[in-house]
Amino acid sequence: MASIPEIRIPLANTFVAQKKNLRIIAVDVPVIGGHAGITILPLLSKTKPSVSFTDEEIQQLTVRIQNAGTEVVEAKAGTGSATVAMAYAAARFVESSLRTLDGDSNECCFIESEIADLPFFASRVKLGKKGVEAVISSDLQGSSEYEQKALEALKPELKASIDKGIEFANKQMVAL
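Definitions and limits used
- Residues numbered from 1 in each chain as written.
- Predicted model: local features only at pLDDT ≥ 70, side-chain atom pairs only at ≥ 80, totals over all residues.
- Heavy atoms only, no water.
- Helix = DSSP H or I, 4+ residues; strand = E, 2+ residues; numbered from the N terminus.
- Rg over C-alpha atoms; globule rule 2.2 N^0.38 Å.
- Areas by Shrake-Rupley, 256 points an atom, 1.4 Å probe, with all protein chains shown as cover.
- Lys, Arg positive; Asp, Glu negative; His and termini not counted.
- Charge placed at Lys NZ, Arg CZ, Asp CG, Glu CD.
- Contact = heavy atoms within 4.5 Å.
- Core = buried A, V, L, I, M, F, W, Y, C linked by side-chain atoms within 4.5 Å.
- Buried < 20%, exposed > 50% of the residue type's maximum accessible area, 1.4 Å probe, protein only.
- Pairing = 2+ DSSP bridges.
- Salt bridge = Lys/Arg side-chain N within 4 Å of Asp/Glu carboxyl O.
- Expected span 1.5 Å × (residues − 1).
- Bend = angle between axes of the 7 residues up to and from the residue.

The next point concerns the overall build of the protein. Within the protein, the regular secondary structure consists of five helices and five strands. The C-alpha radius of gyration computed for the protein amounts to 16 Å, which stays within 12% of the reference 16 Å derived for 176 residues, consistent with globular compactness. Its C-alpha atoms put the protein at 50 × 40 × 35 Å along the principal axes. Looking at the protein as shown, the accessible area adds up to about 10000 Å², and 57% of this sits on carbon and sulfur atoms. Looking at charge distribution, the protein has the averaged site of its 19 positive side-chain charges lying 4 Å from that of its 22 negative ones.

Residue placement: R64 occurs in helix α2 (residues 55–66). Note: C-alpha distance between R64 and Q172 (108 residues apart in sequence) is 35 Å. Contact partners of R64, with chain neighbours within four places excluded, come to F15, Q18 and E71.

One broad trend across soluble globular proteins is that nonpolar side chains are buried collectively. Ranked by size, the top nonpolar core spans 17 residues in total, and within it F15, V16, V29, L44, F53, L61 and I65 carry the most contacts. If you list the elements that add at least two residues to this core, you get α1 (8–20) and α2. Those residues in contact with F53, other than ones at most four positions away along the chain, are V16, K20, L44, T47, I58 and L61. L41, L43, A116 and L151 belong to the second-largest nonpolar core, a separate cluster that totals 11 residues.

It is worth spelling out the pairing of strand β5 (residues 131–135) at this point. Across four bridges, the pairing between strand β4 (residues 120–128) and β5 is antiparallel. Each bridged residue has a counterpart across the sheet, and for G128 the counterpart in β5 is G131.

Here the focus is the pattern of salt bridges. Per the stated rule, a full pass over the model turns up eight salt bridges. Note that E95 and R99 form a salt bridge whose closest N and O atoms lie 3.5 Å from each other. Within this pair, E95 and its partner R99 are both found in helix α4 (residues 83–99), separated by four residues, close to a single helical turn. The exposure class assigned to E95 is partly exposed, which follows from its relative accessible area of 47%. For R99, a relative accessible area of 38% puts it in the partly exposed group. D139 serves as the salt-bridge partner of R124, at 3.1 Å between the closest nitrogen and oxygen. With R124 in strand β4 and D139 in the loop between β5 and α5 (145–175), the pair connects residues that are 15 residues apart, well separated along the chain. The pair formed by R124 and D139 is uniform in burial state, with each residue classed as buried. Taken together, the shared-partner salt bridges connect D28, R124 and D139 into one network.

Next up on the list: the environment of D55. Inspection of the secondary structure assignment puts D55 in helix α2. Sequence separation between D55 and Y146 is 91 residues; the distance between their C-alpha atoms is 8.8 Å.

Note that an α-helix has 3.6 residues per turn; residues three or four places apart therefore point the same way. Under the 1.5 Å per step criterion, the end-to-end length of α5 is 45 Å for 31 residues, consistent within 8% with the ideal 45 Å. Approximately 35° is the largest bend angle found in α5, and it occurs at K155, with the proline P156 only one to four residues beyond. The set of residues buried in α5 consists of E147, A150, L151, L154, K155, L158 and I162. On its buried side, α5 packs onto β1 (31–33), β2 (40–42), β3 (105–112) and β4.

See below:
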């Protein structure tokens, strides 16, 4: 079972579109990894349409995308959460799921996967009529040196988070 795309995807698309003066609807930035902090990794080298970034832009955009939820909450002066972005992410996933009725669709989601030597990982997947049909590993191929280093840096933190989640789920199963 895949979870809906992380709220960072629509916000990553928005931030890149703003930075590069593109239409938001035309921008697609794969966001892989996990859900919090450094475990979130936008693959800016895989942005569509293809755009170039300075090293400074990559660093700034990566940190901004990693902290996107906090940015939304702060913009609301602490009076709420990033629910609109989460709703958009859910709507986007539903739309992708419906597109599978006409063929197939690609989307980033957090799934059980071995793509990064972790039991779960957010990555682009091919959705089909039977659900997740394949994990698209090509996003990790040819990624930038910055992205490769960030991927290695996020693994221990994401692994610890996954282990906590599995432990929590196991405790819930015992309680039933």
